[in-house]
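# Reading the structure
Each chain, written out:
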Amino acid sequence: MTIEKQREVIRLWNQLRKVEGPAAEELRIQILECFSEKSNARRAAA
């Protein structure tokens with residue numbers, strides 16, 4: 001992931017933190033799971 005993409009993800013995450021409700025919570029969970037899967041795949045490949 002490029003630095004620009006990382007910054008965009010952080011910006012969107014910070015906006016999402018301001019939103020309340022079940023839909024926002026579900027999005028946060030999905031984002032965290034996505035990053036968890038990527039980091040686990042990297043560890044397994046190493």
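Attention in this report is confined to the structure presented alongside it. Worth saying up front: this structure is predicted, and the values here are computed from it rather than measured.

Before going further, it helps to examine the overall build of the protein. Of regular secondary structure, the protein possesses two helices and zero strands. Evaluated residue by residue, the protein yields a buried proportion of 7% over its 46 residues. Surface exposure of the protein reaches about 4200 Å², of which carbon and sulfur atoms provide 58%.

A surface patch of nonpolar side chains, about 260 Å² in accessible area, is lined by Met-1, Val-9 and Phe-35. Locating Phe-35 in the fold gives a position in helix α2 (residues 22-45). Classification of Phe-35 as partly exposed rests on a relative accessible area of 34%.

This next bit is on the pattern of salt bridges. In this structure the tally under the stated criterion is two salt bridges. Arg-11 serves as the salt-bridge partner of Glu-8, at 2.7 Å between the closest nitrogen and oxygen. On the criterion of helical spacing, the pair formed by Glu-8 and Arg-11 is a turn pair, its members being three residues apart in helix α1 (residues 3-17). The exposure class assigned to Glu-8 is partly exposed, which follows from its relative accessible area of 36%.

How each quantity is defined
The residue numbering used here restarts from 1 in each chain and proceeds along that chain's sequence as written. Residues qualify for local features only when their pLDDT is at least 70, as the model is predicted, and side-chain atom pairs are given and counted only at 80 or more; totals for whole chains, interfaces and linings, by contrast, use all residues. No hydrogens and no water enter the side-chain calculation; it runs on all heavy atoms of the structure. Secondary structure elements follow DSSP: runs of H or I of four or more residues count as helices, runs of E of two or more count as strands, with numbering from the N terminus. Note on exposure labels: buried denotes an accessible area under 20% of the residue type's maximum, exposed denotes more than 50%, and partly exposed covers the range between, all computed with a 1.4 Å probe on protein chains only. Working definition of accessibility: Shrake-Rupley area with a 1.4 Å probe, residue cover restricted to the visible protein chains. Residues with no salt bridge and a relative accessible area higher than 30% make up the patches, which join like charges within 9 Å and nonpolar side chains (Val, Leu, Ile, Met, Phe, Trp, Tyr) within 5 Å. The term salt bridge refers to a pairing of a side-chain nitrogen on Lys or Arg with a carboxyl oxygen on Asp or Glu at a separation within 4 Å.

These figures capture arrangement, not role.
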